[in-house]
Amino acid sequence: MSLVAIVRRFPQDLQIPLLEFAEAITEELRAQLAVRREDFEDLRATVRELIEAHKRAEERLSRAEERLSRLEAIVAELAEAQKRTEETLAKLIVRV
């Protein structure tokens, strides 16, 4: 049921004060719930900062992944060198 329909059910001398009361409540709620421009600008700036921080984190992660890949290759080379060293040592032990 609409506000106007509800107000029409009241005596005529109360209808205008009730409508004024409803308008005052509406304005009060609107004022309380309104997003202030400053709040919106603060939020916008914070989102920009978060986006930039995320980009920097992605760049750091990308560099870390590259370094990890190189380290994995080095570890694989070291493992092969270790294996060759163990094979050479085994041959020397047999000779001795």
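Residues numbered from 1 in each chain as written. Predicted model: local features only at pLDDT ≥ 70, side-chain atom pairs only at ≥ 80, totals over all residues. Heavy atoms only, no water.

*Asks:* An account of the overall build of the chain is requested, with residue identities and associated values reported.
*Replies:* For the chain, the helix and strand inventory stands at three helices and zero strands. Listing each helix as α and each strand as β along the chain from the N terminus yields α-α-α. Its C-alpha radius of gyration of 38 Å places the chain more than 25% over the 12 Å reference for a compact globule of 96 residues. Structurally, the chain occupies a C-alpha span of about 120 × 30 × 15 Å along its principal axes. Averaged over its 17 positive side-chain charges, the chain has a centre that lies 8 Å from the centre of its 20 negative ones. (Helix = DSSP H or I, 4+ residues; strand = E, 2+ residues; numbered from the N terminus. Rg over C-alpha atoms; globule rule 2.2 N^0.38 Å. Lys, Arg positive; Asp, Glu negative; His and termini not counted. Charge placed at Lys NZ, Arg CZ, Asp CG, Glu CD.)

*Asks:* Residue-level account of the pattern of salt bridges, with values.
*Replies:* One pass over the full model with this rule turns up five salt bridges. Close ionic contact of Arg 36 with Glu 38 constitutes a salt bridge, the shortest N to O distance being 3.1 Å. In this structure Arg 36 comes out as partly exposed when scored by relative accessible area, which is 48%. Residues Arg 44 and Glu 41 are paired through a salt bridge, measuring 3.4 Å at the closest nitrogen-oxygen approach. Of this pair, Arg 44 and Glu 41 both sit in helix 3 (residues 37–95), three residues apart, roughly one helical turn. Using a relative accessible area of 39% as the deciding quantity, one classes Arg 44 as partly exposed. (Salt bridge = Lys/Arg side-chain N within 4 Å of Asp/Glu carboxyl O. Buried < 20%, exposed > 50% of the residue type's maximum accessible area, 1.4 Å probe, protein only.)

*Asks:* Got a sec to walk through the confidence of the model for the chain? Specific residues and values, please.
*Replies:* Across the chain, pLDDT averages 93, with 100% of residues at or above 70. Highest mean pLDDT in the chain belongs to helix 3 (95); lowest belongs to helix 1 (residues 3–8) (88). (pLDDT = per-residue confidence, 0-100.)

*Asks:* Kindly report on a positive patch on the surface, identifying the contributing residues and their values.
*Replies:* On the surface, Arg 56, Arg 60, Arg 63, Arg 67 and Arg 70 cluster together to form a positively charged patch. Examined against the element boundaries, Arg 70 turns out to sit in helix 3. (Patch = residues over 30% accessible without salt bridge, like charges linked within 9 Å, V, L, I, M, F, W, Y side chains within 5 Å. Areas by Shrake-Rupley, 256 points an atom, 1.4 Å probe, with all protein chains shown as cover.)

*Asks:* Hey, could you go over a nonpolar patch on the surface for me, with residue numbers and the actual values?
*Replies:* Together, Val 35, Phe 40, Leu 43, Val 47 and Ile 51 line one region of the surface with nonpolar side chains, adding up to about 460 Å² of accessible area. Take Leu 43: it is sitting in helix 3.

*Asks:* Any chance you could break down the environment of Gln 15 for me, citing the residues and the numbers?
*Replies:* In this fold, Gln 15 is placed in helix 2 (residues 12–33). Along the primary structure Gln 15 and Val 75 are separated by 60 residues, whereas in three dimensions their C-alpha atoms are 85 Å apart. The residues touching Gln 15, leaving out its near neighbours within four places in the chain, are Val 7, Arg 8 and Phe 10. (Contact = heavy atoms within 4.5 Å.)

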